[in-house]
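Single-letter residue listing:
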Amino acid sequence: TEFFKNDIAYRGKGVVNWCPGCNTVIANEQVLADGTCERSGDTIEKREMPQWMLRITKYADRLIDDLDTLDWPEHIKEAQRQWIGRSRGAMIDFKINITNANDSAESSTVNRTTLMTVFTTRPDTLYGATYLVLAPEHPLVAQYEAQISNWTEVAAYIAETKQKDDQDRLDNTKEKTGVKLEGITATNPASGEEIPVYISDYVLASYGTGAIMAVPAHDERDYAFAKKFGAEIRQAVAAIFNESKNIGKERVGIYGLIQNDKGDYLIQHLKKPGYFWLPGGGIDDGETEFECLERELLEETGYDKFVIGEKITEVFYDYPAQAKYDGRNRAIIYRVTVDEGSQSPISYTEKEIADDMQTKWVPTDQIKKLLDTGEPTRSAFINFVIDIANGSIFSSNGYLVQSEEFSGLNSEDAKEKIVEKVGGRMTSTYRLRDWSIGRQRYWGVPIPIVYDPDGKAHPVPKEHLPWLLPEDVDFRPTGEAPLAKSEALKKRAEEIFGAGWTPEVETMDTFVDSSWYFLRYLDNSNEEGPTSLKKQAEWMPIDIYFGGAEHTTMHLLYSRFWQKALLDLNLVTESEPYKRRINRGLILGPDGNKMSKSKGNVIDPDEHVKTVGADTVKMYLAFMGPYEGANYPFDLGGIAGVRRFLERVYGLSDHIVDEEPAEMTKLLHKTMIKVRSDIETFKFNTAISAMMIFVNQAEKNGLSRDTYLAFVKTLAPFAPHLMEEIWHDLREEGSVHEASYPIPNPQLCEDEVVTIGVQINGKMRGSITLAPDATEAEAVDMALLNVDVARYAEHITLKKVIYVPGRILNLIV
């Protein structure tokens with residue numbers, strides 16, 4: 001009710017995920033990548049219907065920015081950033097034009113000056129926008145039904161799109177589909193050009209404004225669509241090579257990417273400097289680009305029969321201040337084909353002869369390998385041109401071209417200037433959608449909302465809370481909300497509010513409960529609020545929180561939003577609920593899949609406890625692998641190995657000796673240090689490994705009764721029942737779990753001697769054994785006496801010594 005009063009909860013309408021198996025709506029986060037329901041496995045259907053929503057998008061920036069303050073693994077933070085999907089860009093309005101001659105102004109109810117707003121992260125490419133694309137479900141499409149002359153085709157495509165899930169629609173590997181809206185065009189607000197409008201399923205209604213300006217020269221999806229539908233591809237941003245901040249005047253050069261009928265490329269080659277370039281040259285005053293290229297090709301290649309095709313790209317190539325040209329070469333490259341039989345002798349200048357200039361045909365499969373041997377920047381330039389010619393897209397920042405007064409500006413400088421010119425506005429948009437919480441099922445919290453006879457929603461007053469679930473309900477899912485069948489709930493609403501008042505019949509998603517349960521743990525008898533601020537001040541935020549990786553963009557994100565919303569309502573003391581987060585791994589079925597009754601791969605731990613004991617099962621789960629992140633299949637061989645280890649621990653009483661070897665005392669204290677450290681960092685598997693090593697040595701060397709007792713206490717948290725048994729077998733009083741956990745003595749862990757590697761110039765050449773605290777001089781003397789090292793140390797001059805006591809010795813010679 002507080003969320004509703006503060007416009008955090010609202011009744012909306014939109015396209016929802018309907019699961020036919022659960023007969024209910026589910027959230028985006030509960031739809032798997034293959035478009036199926038995480039609960040039932042059924043394929044999700046898209047439906048438009050009323051729904052209860054929470055404004056999580058209002059908190060999108062805080063949810064991203066506050067991640068920087070958290071001691072969480074970076075991969076968890078990044079997953080939330082990507083899910084929220086903040087993009088900085090601009091809202092730009094395109095005028096929609098009606099061109100259908102059959103549509104009369106008198107009969108049309110459509111506003112003939114409609115503006116279509118698009119969101120783009122690249123307003124610098126606006127002059128390259130050659131068409132608009134709307135999501136098929138965009139409301140404007142249906143609004144213009146009468147004006148769209150091919151409506152039958154459009155309607156069929158819309159129906160087809162409804163059967164596709166979002167992941168399928170965004171799959172860049174699939175062929176682009178769509179329909180042109182005949183009778184409708186748009187006006188590019190920068191150039192004033194009239195451009196076509198399409199619908200295509202690669203645009204989602206749920207992202208941005210549900211419409212995009214298509215810039216096929218600089219976006220892969222737009223390029224693929226344009227190639228299929230024959231839309232214009234116009235470059236707006238040019239790549240920059242060898243960028244220099246200190247350049248002179250701009251020099252415009254026209255060049256040809258020349259191919260013969262075999263597909264070989266013609267490259268200019270200056271052997272002495274060792275670089276390659278494309279045939280062409282600078283444009284003279286009064287020349288057109290074609291005239292310049294024709295002249296240069298005749299001069300430099302000798303070919304007089306060639307065909308100049310489309311412009312491939314424009315590229316900027318900067319010459320540093322000390323270079324010959326002292327300026328910027330704006331290179332404009334055209335596709336050219338030639339007749340190899342038309343070549344005449346070439347008259348080179350003395351300078352070109354001195355540089356050994358020549359043209360050279362290079363096969364397609366060798367061109368990049370050859371260019372890699374030349375001057376790197378020039379090679380990169382030509383490789384780039386070839387890639388663009390073969391269908392690659394330049395999607396990075398650069399210098400603007402064909403963009404009127406903005407041509408020559410770099411992308412970042414041009415963005416806001418272009419947005420200002422067209423009356424747009426810089427803003428951010430998000431992938432995240434508001435959280436749909438209404439569910440058509442019985443389990444879950446009933447929504448405390450009632451409707452007056454006019455259908456207006458009202459929160460249930462506090463004196464009538466909690467608003468409990470009715471009990472006269474057939475809660476089997478049929479598609480209709482079970483609470484709608486309850487006569488008791490209807491009667492309750494009318495008795496409290498009056499005739500004609502009706503109750504809300506949806507329940508809330510169970511993620512609502514898990515978004516704040518930890519706050520109730522602190523103060524679960526409080527009848528005045530969720531939990532007192534005083535108790536929160538003592539306990540919050542939660543120091544460390546374990547959970548499954550699958551909840552990174554569900555419960556973990558929802559509960560962070562919930563905490564921030566409660567903070568705005570002055571109901572909590574902290575803006576973040578958890579200081580530290582660790583994602584635990586999953587125990588999979590023996591088949592390597594997530595355990596599921598439907599797959600028949602569920603392991604009942606109680607069955608194994610009956611046969612091998614609770615300690616074995618518990619230790620096996622700890623020993624499977626690192627606690628954080630990874631997933632492990634259940635393995636009967638592994639559980640048997642842990643059982644054998646515990647039997648050997650029980651049998652250590654047979655290895656007790658009166659005089660314990662010093663190495664066992666040292667190993668005990670090393671083991672205790674390792675186990676303590678690993679427990680604190682949740683590396684239970686390596687703690688168990690260390691204890692296994694101890695048992696191996698104890699069986700070989702023997703151990704004292706005191707060492708055995710210390711080891712039993714060390715192992716007790718891992719195998720509590722067996723260690724209690726051994727504790728009593730050794731005639732100790734009380735419980736092992738009430739005894740102080742053993743404290744290691746670091747001095748007893750120090751080695752009398754250590755063996756370290758000896759390197760010469762970073763290569764391992766031998767090893768030496770010496771005291772851990774030996775000086776550098778002692779280490780060097782001992783190394784030079786080592787036979788293996790001495791073989792490499794003859795006739796050398798020692799320049800430097802890198803020595804880490806107890807670790808490594810590196811002689812630089």
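Above this text you will find the structure in question.
If you're wondering where the values come from, they're calculated on a predicted model, not measured in any experiment. Going along each chain's sequence as written, the residues are numbered from 1 onward. Where totals are concerned, whole chains, interfaces and linings use all residues; where local detail is concerned, this predicted model gives features only for residues with pLDDT of at least 70, and gives and counts side-chain atom pairs only at 80 or more. Remark: hydrogens and water are excluded; side-chain values derive from all non-hydrogen atoms of the structure.

Trainee: Sorry if this is basic, but what is going on with the overall build of the protein here?
Mentor: Each helix and strand in the protein was counted, giving 26 helices and 33 strands. With the C-alpha coordinates aligned to their principal axes, the bounding extent of the protein is approximately 105 × 105 × 50 Å. Buried, partly exposed and exposed residues are distinguished by accessible area as a fraction of the type maximum, computed with a 1.4 Å probe on protein chains only: under 20%, between the cut-offs, and over 50%, respectively. Expressed as a percentage of the 813 residues in the protein, the buried residues total 47%. Contact between two residues is taken to exist if any of their heavy atoms lie within 4.5 Å; hydrogens are not considered. Within the protein, counting contacts between residues at least 6 apart in sequence, those at least 24 apart form 69% of the total. In short, Shrake-Rupley with a 1.4 Å probe defines the accessible areas, and a residue's cover is counted only from the protein chains shown. By element, 50% of the accessible surface of the protein is carried by carbon and sulfur atoms, the whole surface being about 40,500 Å². The average position of the 91 basic charges and that of the 126 acidic charges among the side chains of the protein differ by 0 Å. Numbering of helices and strands runs from the N terminus, with a helix taken as a DSSP run of H or I at least four residues long and a strand as a DSSP run of E at least two residues long. Under the counting rule used here, the positive set is Lys and Arg, the negative set is Asp and Glu, and His together with the chain ends is not counted. Charge positions come from single atoms, namely NZ of Lys, CZ of Arg, CG of Asp or CD of Glu.

Trainee: Help me understand helix H22 (residues 684–701), please; the structure alone is not making it clear to me.
Mentor: Residues spaced three or four apart along an α-helix point in a common direction, a consequence of the helix completing one turn every 3.6 residues. One less than the number of residues in a helix, times 1.5 Å, gives the span that helix is expected to have. When the terminal C-alpha atoms of H22 are compared, their 26 Å separation across 18 residues agrees well with the 26 Å that a helix rising 1.5 Å per residue should span. For H22, the full list of buried residues reads Asn685, Ala687, Ile688, Ala690, Met691, Met692, Phe694, Val695 and Ala698. The elements touched by buried residues of H22 are helix H19 (614–623), helix H20 (636–650), helix H21 (662–680) and helix H23 (705–715).

Trainee: What's the story with the pairing of strand S4 (residues 87–98) in this structure? I'm lost.
Mentor: Regular strands place side chains that alternate from one sheet face to the opposite one. Judged by how many residues are buried, S4 sits mostly within the fold: 9 of 12 residues are covered. Strand pairing is defined by DSSP finding a minimum of two bridges between the two strands. Looking at chain direction, S4 and strand S5 (residues 115–120) are connected through 6 bridges and run antiparallel. Following the sheet pairing, Ala90 is matched in S5 by Thr120. Where S4 and strand S7 (residues 179–187) come together, 4 bridges link them in antiparallel fashion. Considered in S7, the bridge of Ile96 is made with Ala186.

Trainee: How should the nonpolar core be read in this particular structure?
Mentor: Nonpolar side chains tend to gather and get buried jointly when the protein is soluble and globular. For our purposes a nonpolar core is just a set of buried Ala, Val, Leu, Ile, Met, Phe, Trp, Tyr and Cys residues, chained together by side-chain atoms within 4.5 Å. Counting 63 residues, the largest nonpolar core has Leu132, Ile333 and Phe381 as its most contacted members. Ranked by the residues each element gives to this core, the list is headed by helix H11 (residues 376–389), at 7 residues. Counting residues in hydrophobic clusters, the runner-up holds 44 residues, among them Leu522, Met540, Leu556 and Leu557.

Trainee: Is there a simple way to think about H20 in this case?
Mentor: Over its 15 residues, H20 extends 21 Å from the first C-alpha to the last, a length consistent with the 21 Å expected when each residue adds 1.5 Å. Listed as buried for H20 are Ile639, Val642, Phe645, Leu646 and Val649. One side of H20 carries all its buried residues, which in axial view fall inside an arc of 115°. Residues of H20 that are exposed and point over 90 degrees away from its buried face: Leu636 and Arg644. Contacts made by the buried residues of H20 are with helix H18 (605–612), H19, H22, H23 and helix H24 (720–729). Capping the start of H20 is the job of one residue whose side-chain oxygen sits 3.1 Å from the backbone nitrogen of Gly637: Asp635. The arc in question is the one spanned by the directions pointing from the helix axis to the C-beta atoms. Think of a polar contact as two N or O atoms within 3.5 Å of one another; within protein, one of them needs to be a possible hydrogen donor and the other a possible acceptor, and neighboring residues in sequence only count if both atoms come from side chains.

Trainee: For this particular structure, what's the right way to read the environment of Ala217?
Mentor: Along the polypeptide, Ala217 turns up in the loop between strand S9 (211–214) and helix H7 (220–229). Placed 393 residues apart in sequence, Ala217 and Lys610 show a C-alpha to C-alpha distance of 67 Å. Contact partners of Ala217, with chain neighbours within four places excluded, come to Ile233, Arg234, Gln235, Ile393 and Phe394.

Trainee: Would you take a moment to explain the sheet that holds strand S1 (residues 9–19) for this structure?
Mentor: Hydrogen bonds along the backbone pair up the strands of a sheet, which may run parallel or antiparallel. One open sheet accounts for 4 strands, arranged S2-S1-S3-S20; its pairing is antiparallel. Of all strands in the sheet, those with a lone pairing partner are strand S2 (24–26) and strand S20 (435–436), marking the two edges. Where S1 lies against strand S3 (residues 45–54), 10 bridges are found, and the strand directions are antiparallel. Residue Val16 lies in a different strand from S3, and its bridge partner there is Arg47.

Trainee: Looking at this structure, I do not really get the packing of H19 against H20. What am I missing?
Mentor: How two helices pack is summed up by the angle between their axes together with the distance between the axes. Lines fitted to C-alpha atoms define the axes, with helix axes restricted to the stretch in contact, and inter-axis angles between N-to-C directions lie between 0 and 180 degrees. At their nearest, the axes of H19 and H20 sit 9 Å apart, and the two run at 120° to each other. Judged on the interaxial angle alone, H20 and H19 are oblique. Where H19 crosses over H20, the handedness of that crossing is right-handed. The segment H19 lies against H20, with Asp615, Thr616, Val617, Met619, Tyr620 and Phe623 engaging Gly638, Ile639, Val642, Arg643, Phe645 and Leu646. Throughout, the ten residues Ala, Val, Leu, Ile, Met, Phe, Trp, Tyr, Cys and Pro are labelled nonpolar, Asp, Glu, Lys and Arg are labelled charged, and all others, Gly among them, are labelled polar. Residue composition of the contact of H19 with H20, by class: 8 nonpolar, 2 polar and 2 charged. Roughly parallel means an angle under 35 degrees; roughly antiparallel means over 145; roughly perpendicular covers 65 to 115; every other angle is labelled oblique. Note on convention: the crossing is left-handed when the near helix lies turned anticlockwise from the far helix by less than a right angle, right-handed when the turn is clockwise.

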